[in-house]
Amino acid sequence: MGFFDYKDEKNGGVFISKVPADLNKYIAPMRKLYLKESDSNEINNTLNHIWYSDSSPELKSLIEKFQNHPYFKNLCNKSCNCKIENITDMDEIMYSNSKNVNSSNDDINYYGATSNYKQHHDCEICTSIFKNTHIYRILIGLTNENEYVVTNFPDHNIGKKLNEGDVIGFDFDKTLHEVINIDNKQVKPRILLKLHFLVCEDCNISDQQFQRTKKFYVFYDRFLRDYTKIGTDPKYPHEFIIGLTSHFLYYHNIEKILFLYFIIAFVFIKQINKYKITLK
């Protein structure tokens, strides 16, 4: 299994570790700079994000210490002819105010923040599109005093309370995960560094295809972030609507429900308008 604690074809790879010792000294300065550069109107919302690309030069230089560290080359898992690149345009620091997170997230509407808390894959459909690559999301704790909020991996039956210097890595497409409050206690906000690496083990795809794959994930992640942000902590009608769509997209079997809906709608419209379909 190598670098990963758990890894299989269906559920992807998961590892839980600590940052290399030489990176610890950068954590406190990074946290302070993040809080200094964050919008004061957003810092107490449910979620707040600062992209690496939008950071100050000082904060960027600290994040780059992690992005460029050889430790993450281990994501190649000792495979031959491995291509690995950090996707800087997906990297960010996230403020997670999980005060409303419950031990059972099934009946709670988190609106636009649903994708951070309910059980989900980050891009499950991508497993059918990109069969030769893996993208790994790395979470690094920048704060302490997290006693109750667990990043949980149900298929692997493991979880971790992320605190300063803790590291979790998992397959962006394949690994089911959720965030839960194990005792429904009042919790303190967490600040996390999120890094992303595209990996092609035993790689037989071209550099151009590898770069196109990177661009797709950047577009997907940016679009999803902008869309869900509108529906997080909604105040206006359009924000509630977007928040509700974000929530229901993470219902179990939602793709089957939507498929059935479109089939029924198609048949209904065809019958009402007496459309005829002919093949030529």
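Heads up: the structure comes first, above all this text.
Residues numbered from 1 in each chain as written. Predicted model: local features only at pLDDT ≥ 70, side-chain atom pairs only at ≥ 80, totals over all residues. Heavy atoms only, no water.

Undergrad: What am I meant to see in unusual backbone geometry here?
TA: Keep in mind that most residues, glycine aside, have a negative phi and that most peptide bonds are trans. Of note, the phi angle at Asn 81 is positive, near 50°, even though the residue is not glycine. Relative to the assigned elements, Asn 81 resides in the loop between helix H2 (57-67) and strand S4 (83-86). A relative accessible area of 55% places Asn 81 in the exposed class. (Helix = DSSP H or I, 4+ residues; strand = E, 2+ residues; numbered from the N terminus. Buried < 20%, exposed > 50% of the residue type's maximum accessible area, 1.4 Å probe, protein only.)

Undergrad: I tried to follow the sheet that holds strand S7 (residues 149-153) on my own but got confused; where do I start?
TA: Read across the sheet, three strands follow the order S8-S7-S10 without closing on themselves; strand pairing throughout is antiparallel. Whereas interior strands pair on both sides, the edge strands pair on one side only; in this sheet they are strand S8 (158-160) and strand S10 (178-181). The mean inter-strand angle of the sheet, taken between neighbouring strand axes irrespective of direction, is 35°. As paired elements, S7 and S10 share four bridges and run antiparallel to each other. Bridge pairing links Val 149 to Asn 181 in S10. (Pairing = 2+ DSSP bridges. Axes fitted to C-alpha atoms, helices over the stretch in contact; angles between N-to-C directions.)

Undergrad: I'm lost on the pairing of S7 in this one. Help?
TA: Each regular strand displays side chains that alternate between the two surfaces of the sheet. For S7, a buried count of five out of five residues is recorded, marking the element as mostly surrounded by other parts of the structure. Both faces of S7 are covered, namely the face carrying Val 149, Thr 151 and Phe 153 and the face carrying Val 150 and Asn 152. Sheet topology note: the S7/S8 ladder contains three bridges and is antiparallel. When the sheet's bridge partners are listed, Thr 151 is paired in S8 with Lys 160. Counted between consecutive antiparallel strands, the loop separating S7 from S8 contains four residues, among which Asn 157 sits at a positive phi close to 60°.

Undergrad: What exactly am I supposed to notice about the nonpolar core here?
TA: One broad rule of soluble globular proteins: the nonpolar side chains tend to lie buried together. Core analysis: the largest hydrophobic core is formed by 33 residues, its most contacted members being Phe 66, Leu 75, Ile 138 and Ile 140. Mapped onto this core, the elements with two or more residues apiece are helix H1 (27-37), H2, strand S5 (92-96), strand S6 (134-141) and strand S11 (190-200). Per-element accounting of this core gives the leading share, five residues, to S11. Those residues in contact with Leu 75 that sit more than four places away from it in its chain are Phe 3, Phe 4, Phe 15, Ile 84, Tyr 136, Ile 138, Phe 197, Val 199 and Glu 201. Core analysis: the next-biggest nonpolar cluster, separate from the first, contains 14 residues, Cys 123, Cys 126, Phe 172 and Val 218 among them. (Core = buried A, V, L, I, M, F, W, Y, C linked by side-chain atoms within 4.5 Å. Contact = heavy atoms within 4.5 Å.)

Undergrad: What am I meant to see in the state of the cysteines here?
TA: Covalent bonding between the sulfur atoms of two cysteines defines a disulfide. Taken as a whole and judged by the stated rule, the model has three disulfides. One disulfide in the model links Cys 123 with Cys 126; its S-S distance is 1.9 Å. Taking the sign of the S-S torsion, about 55° here, the bridge from Cys 123 to Cys 126 comes out right-handed. If one numbers only the bonded cysteines of the chain, in the order they occur, the disulfide pattern is 1-2, 3-4, 5-6. The structure places no disulfide on Cys 80, whose sulfur is separated from the nearest cysteine sulfur, that of Cys 82, by 9.7 Å. Residue classification places Cys 80 among the exposed positions, given a relative accessible area of 56%. (Disulfide = S-S within 2.5 Å.)

Undergrad: What's the story with the pattern of salt bridges in this structure? I'm lost.
TA: Side-chain pairs of opposite charge can arise whenever the charged atoms involved come near each other. Overall, the coordinates contain 10 salt bridges when judged by the stated rule. Between Lys 83 and Asp 207 there is a salt bridge; the shortest N-O distance is 2.7 Å. Taken together, the residues Lys 83 in strand S4 and Asp 207 in helix H5 (residues 207-230) connect sequence positions 124 residues apart. As a salt-bridge pair, Glu 145 and Lys 188 come within 2.3 Å of each other at their nearest N and O atoms. Of the two residues, Glu 145 is situated in the loop between S6 and S7 and Lys 188 in the loop between S10 and S11; the sequence distance between them amounts to 43 residues. Residue classification places Lys 188 among the partly exposed residues on the basis of a relative accessible area of 48%. (Salt bridge = Lys/Arg side-chain N within 4 Å of Asp/Glu carboxyl O.)

Undergrad: Sorry, what's going on with the pairing of strand S9 (residues 166-171) here?
TA: Burial analysis of S9 places six of its six residues in the buried class, which makes it a mostly covered element. Side chains Asp 166, Ile 168 and Phe 170 project from S9 onto one buried face, and the interleaved Val 167, Gly 169 and Asp 171 project onto a second face that is buried too. In the sheet, strand S2 (residues 12-18) pairs with S9 via five bridges, with the strands oriented antiparallel. Directly across from Ile 16, in S9, lies its bridge partner Ile 168. In this sheet, S9 lies alongside S6 in antiparallel orientation, the contact comprising five bridges. Paired with Arg 137 across the two strands is Phe 170, which belongs to S9.

Undergrad: I would appreciate a short explanation of H1 in the present structure.
TA: Owing to its 3.6 residues per turn, the α-helix brings residues three or four apart onto one side. Among the residues of H1, Ile 27, Met 30, Leu 33 and Tyr 34 are the ones counted as buried. Around the axis of H1, the buried residues are gathered within 130° of arc, so they sit on the same side. Opposite the buried face of H1, by more than 90 degrees, sit the exposed residues Lys 32 and Lys 36. Considering only its buried residues, H1 is in contact with strand S3 (47-51), H2, S5, S6 and S11. (Arc of directions from axis to C-beta.)

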